[in-house]
Amino acid sequence: MTIRIDPSQPGGIVSVPCDNKSTIDFIQREYPTGKMLLIESVTLNDELSQYISELQKKERAVELSRNQFSVQSYTISIAGSEPRKKHTAEADYLLSAPWLCMAAFGSDITIANLETKSNQHDSHIIRILEAMNAKIERKLIGIHLHTDGLEAVRIDLSDYENLLPFACALASIANGISCISFSQKNEPSSDLFRHTYDMLTDLGCDAALTDDVLMIRGIPHIPGGIANTYGDYRLALAAAALSVASKNSILISHPQSVDQIYPTFWQEFQRCGGHLI
(Lines give C-alpha, C1' and ligand atoms only; values in the text may rest on other atoms or scores of the structure.)
Protein backbone atom coordinates (compact mmCIF):
# COMPACT_ATOMS: atom_id res chain seq x y z
CA MET A 1 0.00 0.00 0.00
CA THR A 2 1.22 3.52 -0.83
CA ILE A 3 -0.17 7.02 -0.60
CA ARG A 4 0.82 10.10 -2.56
CA ILE A 5 1.31 13.52 -1.04
CA ASP A 6 1.48 16.50 -3.35
CA PRO A 7 3.47 19.59 -2.27
CA SER A 8 1.42 21.63 0.19
CA GLN A 9 1.68 23.88 3.24
CA PRO A 10 -0.57 22.56 6.03
CA GLY A 11 -1.54 25.07 8.68
CA GLY A 12 -3.61 25.56 11.81
CA ILE A 13 -3.83 24.07 15.28
CA VAL A 14 -3.10 20.34 15.35
CA SER A 15 -4.13 17.79 17.94
CA VAL A 16 -1.58 15.11 18.83
CA PRO A 17 -2.13 12.02 21.02
CA CYS A 18 -1.06 12.61 24.59
CA ASP A 19 1.97 11.26 26.39
CA ASN A 20 0.23 8.63 28.51
CA LYS A 21 3.22 8.09 30.78
CA SER A 22 2.99 11.63 32.17
CA THR A 23 -0.79 11.17 32.60
CA ILE A 24 -0.29 7.97 34.61
CA ASP A 25 2.49 9.63 36.63
CA PHE A 26 0.12 12.49 37.52
CA ILE A 27 -2.63 10.11 38.70
CA GLN A 28 -0.19 7.99 40.71
CA ARG A 29 1.16 11.14 42.37
CA GLU A 30 -2.19 12.77 43.15
CA TYR A 31 -4.50 9.79 43.78
CA PRO A 32 -3.29 9.22 47.38
CA THR A 33 -4.15 12.86 48.28
CA GLY A 34 -7.90 12.14 48.04
CA LYS A 35 -8.47 15.05 45.66
CA MET A 36 -11.04 14.96 42.90
CA LEU A 37 -8.97 14.65 39.71
CA LEU A 38 -9.91 15.87 36.24
CA ILE A 39 -7.50 14.89 33.45
CA GLU A 40 -8.34 16.36 30.05
CA SER A 41 -7.14 15.69 26.48
CA VAL A 42 -6.35 12.05 27.16
CA THR A 43 -5.88 9.64 24.25
CA LEU A 44 -6.36 5.96 24.87
CA ASN A 45 -3.94 3.16 24.24
CA ASP A 46 -3.76 -0.32 25.73
CA GLU A 47 -1.54 0.77 28.63
CA LEU A 48 -3.81 3.62 29.71
CA SER A 49 -7.01 1.60 29.20
CA GLN A 50 -5.63 -1.16 31.43
CA TYR A 51 -4.58 1.38 34.05
CA ILE A 52 -8.07 2.94 34.11
CA SER A 53 -9.62 -0.52 34.47
CA GLU A 54 -7.43 -1.15 37.51
CA LEU A 55 -8.43 2.20 39.02
CA GLN A 56 -12.12 1.43 38.54
CA LYS A 57 -11.74 -1.61 40.82
CA LYS A 58 -10.70 0.64 43.70
CA GLU A 59 -12.95 2.48 46.14
CA ARG A 60 -13.12 5.85 44.30
CA ALA A 61 -15.37 6.30 41.25
CA VAL A 62 -13.52 6.67 37.95
CA GLU A 63 -15.29 7.83 34.79
CA LEU A 64 -14.02 8.10 31.23
CA SER A 65 -15.93 10.36 28.83
CA ARG A 66 -15.30 11.34 25.22
CA ASN A 67 -14.68 15.05 24.72
CA GLN A 68 -17.25 16.84 22.60
CA PHE A 69 -15.08 18.25 19.82
CA SER A 70 -12.42 15.58 19.30
CA VAL A 71 -12.83 11.97 18.21
CA GLN A 72 -9.58 10.94 19.91
CA SER A 73 -9.74 12.93 23.15
CA TYR A 74 -11.20 11.87 26.49
CA THR A 75 -11.52 13.18 30.03
CA ILE A 76 -10.80 11.03 33.09
CA SER A 77 -12.76 12.04 36.21
CA ILE A 78 -11.77 10.54 39.57
CA ALA A 79 -14.06 11.26 42.53
CA GLY A 80 -12.59 12.61 45.74
CA SER A 81 -13.39 14.45 48.95
CA GLU A 82 -10.67 17.09 48.62
CA PRO A 83 -10.74 20.15 46.27
CA ARG A 84 -10.51 19.36 42.57
CA LYS A 85 -7.14 19.23 40.82
CA LYS A 86 -7.16 19.63 37.04
CA HIS A 87 -4.51 18.37 34.66
CA THR A 88 -4.27 18.67 30.88
CA ALA A 89 -2.48 15.71 29.33
CA GLU A 90 0.67 16.77 27.52
CA ALA A 91 0.95 16.00 23.79
CA ASP A 92 3.43 13.26 22.88
CA TYR A 93 6.69 14.77 21.61
CA LEU A 94 7.59 11.96 19.24
CA LEU A 95 4.19 12.21 17.56
CA SER A 96 4.55 16.00 17.48
CA ALA A 97 7.89 15.72 15.63
CA PRO A 98 6.45 15.66 12.07
CA TRP A 99 4.40 18.78 12.80
CA LEU A 100 7.42 20.54 14.29
CA CYS A 101 9.37 19.69 11.13
CA MET A 102 6.58 21.04 8.92
CA ALA A 103 6.57 24.26 10.95
CA ALA A 104 10.35 24.51 10.51
CA PHE A 105 9.79 24.08 6.75
CA GLY A 106 7.48 27.11 6.73
CA SER A 107 4.01 25.81 7.64
CA ASP A 108 2.00 27.95 10.07
CA ILE A 109 1.29 25.21 12.62
CA THR A 110 0.61 25.26 16.35
CA ILE A 111 0.77 21.97 18.27
CA ALA A 112 -1.84 21.94 21.04
CA ASN A 113 -0.96 20.94 24.62
CA LEU A 114 2.78 20.75 23.99
CA GLU A 115 5.12 22.18 26.62
CA THR A 116 8.58 23.65 26.02
CA LYS A 117 9.72 22.40 29.43
CA SER A 118 8.96 18.70 29.40
CA ASN A 119 10.32 15.54 30.99
CA GLN A 120 9.60 13.54 27.86
CA HIS A 121 12.75 12.00 26.43
CA ASP A 122 11.85 12.96 22.87
CA SER A 123 11.42 16.62 23.82
CA HIS A 124 15.12 16.77 22.87
CA ILE A 125 13.85 17.69 19.40
CA ILE A 126 13.29 21.20 20.76
CA ARG A 127 17.03 21.46 21.49
CA ILE A 128 17.78 20.24 17.96
CA LEU A 129 15.45 22.83 16.42
CA GLU A 130 16.93 25.63 18.54
CA ALA A 131 20.44 24.57 17.49
CA MET A 132 19.26 24.83 13.87
CA ASN A 133 18.05 28.43 14.37
CA ALA A 134 14.34 27.77 14.90
CA LYS A 135 12.49 30.13 17.24
CA ILE A 136 10.16 28.32 19.65
CA GLU A 137 7.18 30.25 21.01
CA ARG A 138 4.90 29.00 23.80
CA LYS A 139 1.35 30.18 23.15
CA LEU A 140 -1.73 29.78 25.33
CA ILE A 141 -2.84 26.66 23.47
CA GLY A 142 0.53 25.06 22.68
CA ILE A 143 3.81 25.51 20.79
CA HIS A 144 4.41 27.50 17.62
CA LEU A 145 7.74 27.89 15.86
CA HIS A 146 9.20 29.81 12.97
CA THR A 147 12.58 30.25 11.36
CA ASP A 148 14.34 32.55 8.94
CA GLY A 149 16.21 29.52 7.61
CA LEU A 150 17.54 26.37 9.22
CA GLU A 151 21.27 26.06 9.86
CA ALA A 152 23.33 22.87 9.70
CA VAL A 153 24.32 21.15 12.94
CA ARG A 154 26.70 18.58 14.37
CA ILE A 155 24.75 16.37 16.76
CA ASP A 156 24.98 12.95 18.36
CA LEU A 157 21.64 11.12 18.45
CA SER A 158 22.92 7.88 19.97
CA ASP A 159 20.54 8.34 22.93
CA TYR A 160 17.67 9.66 20.81
CA GLU A 161 17.04 6.94 18.24
CA ASN A 162 13.39 7.91 17.66
CA LEU A 163 14.39 11.42 16.57
CA LEU A 164 16.88 10.30 13.91
CA PRO A 165 14.52 10.45 10.87
CA PHE A 166 13.17 13.86 11.92
CA ALA A 167 16.60 15.41 12.55
CA CYS A 168 17.74 14.13 9.16
CA ALA A 169 14.62 15.57 7.52
CA LEU A 170 15.42 18.97 9.04
CA ALA A 171 19.06 18.71 7.93
CA SER A 172 18.00 17.97 4.35
CA ILE A 173 17.00 21.60 3.77
CA ALA A 174 19.29 23.32 6.30
CA ASN A 175 21.98 25.72 5.12
CA GLY A 176 25.31 23.85 5.12
CA ILE A 177 26.43 20.32 5.87
CA SER A 178 25.02 18.59 8.95
CA CYS A 179 26.87 15.72 10.62
CA ILE A 180 24.55 13.42 12.55
CA SER A 181 26.34 10.72 14.50
CA PHE A 182 24.53 7.67 15.78
CA SER A 183 25.99 4.77 17.73
CA GLN A 184 24.25 1.63 16.47
CA LYS A 185 23.67 -0.24 19.71
CA ASN A 186 21.66 -3.12 18.28
CA GLU A 187 20.30 -4.48 15.04
CA PRO A 188 17.00 -2.52 15.02
CA SER A 189 18.83 0.78 15.53
CA SER A 190 21.31 -0.17 12.81
CA ASP A 191 18.36 -0.82 10.49
CA LEU A 192 16.82 2.56 11.29
CA PHE A 193 20.11 4.32 10.55
CA ARG A 194 20.45 2.63 7.15
CA HIS A 195 16.76 2.93 6.28
CA THR A 196 16.76 6.64 7.08
CA TYR A 197 19.68 7.13 4.72
CA ASP A 198 17.95 5.05 2.02
CA MET A 199 14.76 7.10 2.30
CA LEU A 200 16.63 10.40 2.11
CA THR A 201 18.55 9.42 -1.01
CA ASP A 202 15.41 7.98 -2.64
CA LEU A 203 13.81 11.41 -2.20
CA GLY A 204 16.80 13.16 -3.76
CA CYS A 205 18.43 14.48 -0.59
CA ASP A 206 22.19 15.02 -0.69
CA ALA A 207 23.42 12.53 1.92
CA ALA A 208 26.44 10.32 2.56
CA LEU A 209 26.74 7.47 5.04
CA THR A 210 29.65 6.10 7.04
CA ASP A 211 29.57 3.51 9.81
CA ASP A 212 28.11 5.85 12.41
CA VAL A 213 27.72 9.27 10.77
CA LEU A 214 25.20 10.65 8.31
CA MET A 215 26.42 13.73 6.45
CA ILE A 216 23.64 15.75 4.85
CA ARG A 217 24.09 18.79 2.64
CA GLY A 218 20.96 20.89 2.79
CA ILE A 219 19.21 22.03 -0.39
CA PRO A 220 16.32 24.55 -0.66
CA HIS A 221 13.77 21.93 -1.77
CA ILE A 222 14.10 18.19 -2.12
CA PRO A 223 13.15 16.65 -5.50
CA GLY A 224 10.63 14.11 -4.13
CA GLY A 225 10.06 10.52 -5.22
CA ILE A 226 9.23 7.22 -3.52
CA ALA A 227 9.84 6.96 0.23
CA ASN A 228 10.30 3.33 1.27
CA THR A 229 9.48 3.43 4.98
CA TYR A 230 10.14 -0.29 5.62
CA GLY A 231 6.94 -0.37 7.69
CA ASP A 232 8.45 2.01 10.28
CA TYR A 233 6.00 4.68 11.47
CA ARG A 234 8.85 7.08 12.28
CA LEU A 235 10.00 7.05 8.65
CA ALA A 236 6.42 7.42 7.40
CA LEU A 237 5.86 10.47 9.61
CA ALA A 238 9.21 11.99 8.58
CA ALA A 239 8.36 11.43 4.89
CA ALA A 240 5.02 13.18 5.40
CA ALA A 241 6.85 16.14 6.91
CA LEU A 242 9.30 16.24 3.99
CA SER A 243 6.41 16.62 1.55
CA VAL A 244 6.21 20.24 2.75
CA ALA A 245 9.80 20.79 1.58
CA SER A 246 9.47 18.90 -1.72
CA LYS A 247 9.25 20.24 -5.27
CA ASN A 248 7.25 17.23 -6.41
CA SER A 249 4.97 14.55 -5.02
CA ILE A 250 6.16 11.98 -2.49
CA LEU A 251 4.86 8.41 -2.54
CA ILE A 252 4.98 6.84 0.92
CA SER A 253 5.05 3.07 1.35
CA HIS A 254 3.35 1.37 4.30
CA PRO A 255 1.44 4.46 5.52
CA GLN A 256 -0.69 2.17 7.68
CA SER A 257 2.31 1.73 10.00
CA VAL A 258 1.24 5.02 11.60
CA ASP A 259 -2.25 3.79 12.50
CA GLN A 260 -1.49 1.99 15.75
CA ILE A 261 0.43 4.83 17.37
CA TYR A 262 -1.29 7.86 15.77
CA PRO A 263 -4.55 6.65 14.18
CA THR A 264 -5.80 10.10 13.17
CA PHE A 265 -2.58 11.46 11.66
CA TRP A 266 -3.54 11.22 8.00
CA GLN A 267 -6.98 12.72 8.66
CA GLU A 268 -5.37 15.53 10.67
CA PHE A 269 -2.87 16.12 7.87
CA GLN A 270 -5.68 16.51 5.34
CA ARG A 271 -7.76 18.66 7.67
CA CYS A 272 -4.84 21.09 7.97
CA GLY A 273 -4.49 21.38 4.20
CA GLY A 274 -2.14 18.54 3.30
CA HIS A 275 -2.73 17.18 -0.22
CA LEU A 276 -3.13 13.46 0.36
CA ILE A 277 -4.13 11.15 -2.50
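Residues numbered from 1 in each chain as written. Predicted model: local features only at pLDDT ≥ 70, side-chain atom pairs only at ≥ 80, totals over all residues. Heavy atoms only, no water.

A. Molecular detail of the overall build of the protein chain. When helices and strands are counted, the protein chain shows eight helices and 16 strands. The C-alpha radius of gyration of the protein chain comes to 20 Å, within 12% of the 19 Å expected for a compact globule of 277 residues. Summarising its shape, the C-alpha atoms of the protein chain cover approximately 60 × 35 × 35 Å along the three principal directions. Contacts spanning at least 24 positions in sequence make up 70% of the contacts within the protein chain whose residues lie at least 6 apart. (Helix = DSSP H or I, 4+ residues; strand = E, 2+ residues; numbered from the N terminus. Rg over C-alpha atoms; globule rule 2.2 N^0.38 Å. Contact = heavy atoms within 4.5 Å.)

B. Summary view of the packing of aromatic side chains. In total, this model carries six aromatic pairs according to the counting rule given. Between Trp 99 and Phe 269 the ring centres are 6.5 Å apart and the planes differ by 40 degrees, which places this aromatic pair in the tilted class. Taken together, the residues span a long stretch of sequence, with Trp 99 in helix α3 (residues 93–104) and Phe 269 in helix α8 (residues 265–271) at a distance of 170 residues. You can call Phe 269 buried: its relative accessible area is 0%. Note on Phe 182 and Phe 193: the rings are 5.5 Å apart at their centroids and 25 degrees apart in plane angle, and the pair reads as stacked. Of this pair, Phe 182 sits in the loop between β11 (177–181) and α6 (187–202) while Phe 193 sits in helix α6, and the two are eleven residues apart along the sequence. In this pair, the class of Phe 182 matches that of Phe 193, namely buried. Among the aromatic residues, those joined into a ring-pair cluster are Trp 99, Tyr 262, Phe 265, Trp 266 and Phe 269. A cation over an aromatic ring shows up here: Lys 58 above the ring of Tyr 31, its NZ or CZ 5.4 Å from the ring centre. Geometry around Tyr 233 places Arg 234 over its ring, the cationic atom sitting 6.0 Å from the centre. (Phe/Tyr/Trp six-rings, centres within 6.5 Å; stacked < 30°, edge-to-face > 60°. Buried < 20%, exposed > 50% of the residue type's maximum accessible area, 1.4 Å probe, protein only. Lys NZ or Arg CZ within 6 Å of the ring centre and 35° of its normal.)

C. Structural view of the sheet that holds strand β3 (residues 35–42). The sheet built from four strands is open, its strands ordered β4-β5-β3-β6 with mixed pairing. Among the strands making up the open sheet, the edge pair consists of β4 (62–66) and β6 (82–88). Strand-to-strand twist in this sheet, taken as the mean axis angle between neighbours without regard to direction, amounts to 15 degrees. Pairing between β3 and strand β5 (residues 74–78): four bridges, direction antiparallel. Across the sheet, Val 42 pairs through a bridge with Tyr 74, a residue of β5. Helix α1 (residues 20–30) contacts β3, β5 and β6 of the sheet and is inclined by roughly 175 degrees relative to β3. Those strands touched by helix α2 (residues 46–56) are β3, β4 and β5, and its axis lies near 140 degrees from that of β4. (Pairing = 2+ DSSP bridges. Axes fitted to C-alpha atoms, helices over the stretch in contact; angles between N-to-C directions.)

D. Seen up close, helix α4 (residues 124–131). Considered for burial, the residues of α4 that qualify are Ile 125, Ile 126, Ile 128 and Leu 129. Projection of α4 onto a plane perpendicular to its axis shows the buried side chains occupying an angular sector of 160 degrees, all on one side. Looking at the buried side of α4, the elements it contacts are α3, β8 (135–138), β9 (142–146), β10 (154–156) and α5 (164–171). (Arc of directions from axis to C-beta.)

E. Layout of the pattern of salt bridges. The final tally for this structure, using the stated rule, is twelve salt bridges. Its salt-bridge partner being Glu 30, residue Lys 85 comes within 3.1 Å of it at the nearest N-O pair. Linking Lys 85 in strand β6 with Glu 30 in helix α1, this pair joins segments that are 55 residues apart in sequence. Of the residues examined, Lys 85 reaches a relative accessible area of 30% and is grouped as partly exposed. Measuring nitrogen to oxygen at the nearest pair gives 2.9 Å for the salt bridge that ties Arg 138 to Glu 115. Within this pair, whereas Arg 138 is found in strand β8, its partner Glu 115 is found in the loop between β7 (109–112) and α4, the two being separated by 23 residues in sequence. The partly exposed category is assigned to Arg 138, whose relative accessible area is 34%. (Salt bridge = Lys/Arg side-chain N within 4 Å of Asp/Glu carboxyl O.)

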